[in-house]
Amino acid sequence: MIRLSIVILLLAHTASIASADAPKPNIVYLLIDDLGYSDCGFMGCRDIQTPHIDALAAQGTTLTSFYVQPVCSPTRAALMTGRYATHTGVYTIVRPNAPWGLPLPERTLPQALREAGYTTSICGKWHLGEFQPAYTPTHRGFDRQYGHMFGAIDYFTHMRDEKNDWYRNDVPTPEEGYSTHLIAKEACQVISEKPDDKPLFLYVPFNGIHSPLQVPASYKERYARLPEPRRSIAGMLAAVDEAIGQIKDALDAKGISDNTLIVFSSDNGGFNPGKATSNAPLRAGKGTIYEGGVRVCAFATWPGKIPAGVTVDEPMHGVDWYPTLLKLAGATTDQPLAPDGMDIWPVLTQGAKTPHDAILLMGTQPGKAAVRVGDWKLLLNASQKDTEETDETDDAGAKMELYNLADDIGEKHDLAASQPEKTTMLRARLDQFLKDAVAPGNPRPVKAAKSARRGKKKARK
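The written sequence of each chain sets the order in which its residues are numbered from 1. Selection of residues for local features in this predicted model requires a pLDDT of at least 70, selection of side-chain atom pairs for listing and counting requires 80 or more, and totals for whole chains, interfaces and linings are taken over all residues. Hydrogen atoms and water are omitted, and side-chain values are computed over all heavy atoms in the structure.

S.K.: How do you make sense of the pattern of salt bridges when you look at a structure like this?
M.R.: Salt bridges are identified by distance alone: a Lys or Arg side-chain nitrogen within 4 Å of an Asp or Glu carboxyl oxygen. Taken as a whole, this structure holds 26 salt bridges when the rule is applied. For the salt bridge of Asp47 with Arg230, the shortest nitrogen-to-oxygen distance reads 2.9 Å. With Asp47 in the loop between β1 (26-32) and α2 (51-58) and Arg230 in helix α7 (residues 230-254), the pair connects residues that are 183 residues apart, well separated along the chain. With its nearest N and O atoms 3.0 Å apart, the salt bridge here joins Glu411 to Lys377. Of this pair, Glu411 sits in the loop between β19 (400-404) and α11 (420-434) while Lys377 sits in strand β18 (residues 376-380); the two residues are 34 residues apart in sequence, bridging distant segments of the chain. Comparing Glu411 with Lys377, the two get one shared label, buried. A single network of salt bridges, built from pairs that share partners, joins Glu291, Arg295, Asp313, Lys377 and Glu411. Only DSSP runs of H or I reaching four residues or more are called helices, and only runs of E reaching two or more are called strands; each is numbered from the N terminus. Accessibility here uses a 1.4 Å probe with only protein chains present; expressed as a share of the type maximum, an area under 20% marks a residue as buried, one over 50% as exposed, and anything in between as partly exposed.

Laid out in structure tokens, this is it:
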């Protein structure tokens, strides 16, 4: 028995040495802008063809309960920091000329990976601030930057509000060409030029399929039967799918596919659902805290590491990739601003349950929020459209909705009145998440910020 124990210990020690000596994985994160929950074939889409995306999904594990933020910038902040909007202050979109961005004290994913020996590149949309150089990608951990700072650019001229929004290494660099094509070309070049002695982190946040709805006519030809705006969305997604196929081919040509983790997701739910995009069977879409706004199509692929052809329905959030990727890369998560995310690697590879007892689904204002606990979801001050607004105040009169997602994924039957104990329990859990929430674009707690504003008003009187 003693000899057997010694053998087991020796094998475990050998395995740990082999694990330590194993090459660090290359990481490619493909973020699609405004893609609907069921806009791809691997999620059941029938009117749009996404063969390259579907092939990658089939080689890995599909995540059917993967959550993000309801709009662009907050999701990017969550991915880059592993922290909820309540801690970064990035609740909503960072607009051109806005004097704020992802707070500078935040440690970013590329910074952490670069510390672990990675070469880091972003090809696509940043959307986390550029009003000062310190907020731009090459100052936030990226060795190489190419693309645009904001959303809603013209796909051909790359203009936003009559100003150029196209950069290389954070320097304005006007170029001609369809943005999806240019982003794919640059991403492929980054892969081909990857140093042999360094692992690669490549972040590819496409602006497709965000508005304006622009695409070369050739991509829409096969979709003549579809009405607008669905037809344009189909063409734009076809261009993104082609681009992803090119990126996969570049990984193959470089000979690094077998040691590359590819993550794919949308940054929020699809906009104008039912006409432009499809979030079926989820309710509502972009900008809302209903499932259609925050639950997105996603998958993860790594040959031999992540099971192929598997579907995982355990709830996860975009904040989880930060600690998960850092652990895979051998980087530390010991930092002053602690991540909210949790390691989801056992969920992806071992069939483990979600590490979360609850997940915060933050809206675009501090007064809009939801929490998921098991199959139950409580929403506070939800609105059906992203154009609707509620007061920031979270008082006793706040509207609450309760749904059991196992029975009602479409959030059609509000159970708040018939399940008062469950409603009270989830509200208490949500309050725990919100108790230290910071103000939008401001690292002070919301309550302190409001008190300061009231003090200024009294002083003026």
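Moving on from the model shown.
S.K.: What exactly am I supposed to notice about the sheet that holds strand β15 (residues 316-317) here?
M.R.: By definition, two strands form a pair when at least two bridges between them are found by DSSP. If you walk across this open sheet you meet the three strands as β12-β3-β15, and the pairing is mixed. Both edges of this open sheet fall to β12 (295-296) and β15, since each of them pairs with a single strand only. Direction of pairing for strand β3 (residues 66-67) relative to β12: antiparallel, over a ladder of two bridges. For Phe66, the partnering residue across the bridge sits in β12 and is Val296.

S.K.: I keep staring at the pairing of strand β13 (residues 298-301) and nothing clicks. Help me out?
M.R.: Every regular strand shows the same layout, with side chains that alternate between the two sheet faces. Burial along β13 is two-sided: the residues Ala298 and Ala300 and Phe299 and Thr301 are all buried. Here strand β2 (residues 61-63) pairs with β13 via two bridges, running antiparallel. The partner of Thr62 across the bridge, within β13, is Phe299. Where strand β11 (residues 260-266) meets β13, four bridges bridge the pair, whose relative direction is antiparallel. Looking at the pairing, Phe264 lines up with Phe299 of β13.

S.K.: In this structure, what is going on with α11? I would like to understand it.
M.R.: What sets the pattern is the α-helix's 3.6 residues per turn: residues three or four places apart point alike. A helix is expected to span 1.5 Å multiplied by its residue count minus one. The end-to-end C-alpha separation of α11 is 21 Å, in line with the 21 Å expected for 15 residues at 1.5 Å each. Where α11 is concerned, the buried positions are Thr423, Leu426, Arg427, Arg429, Leu430, Phe433 and Leu434. Axial view of α11: buried residues confined to an arc of 165 degrees, hence all on one face. In α11, those exposed residues whose orientation departs by more than 90 degrees from the buried face are Glu421 and Thr424. Here, the arc refers to the directions that run from the helix axis to the C-beta atoms.

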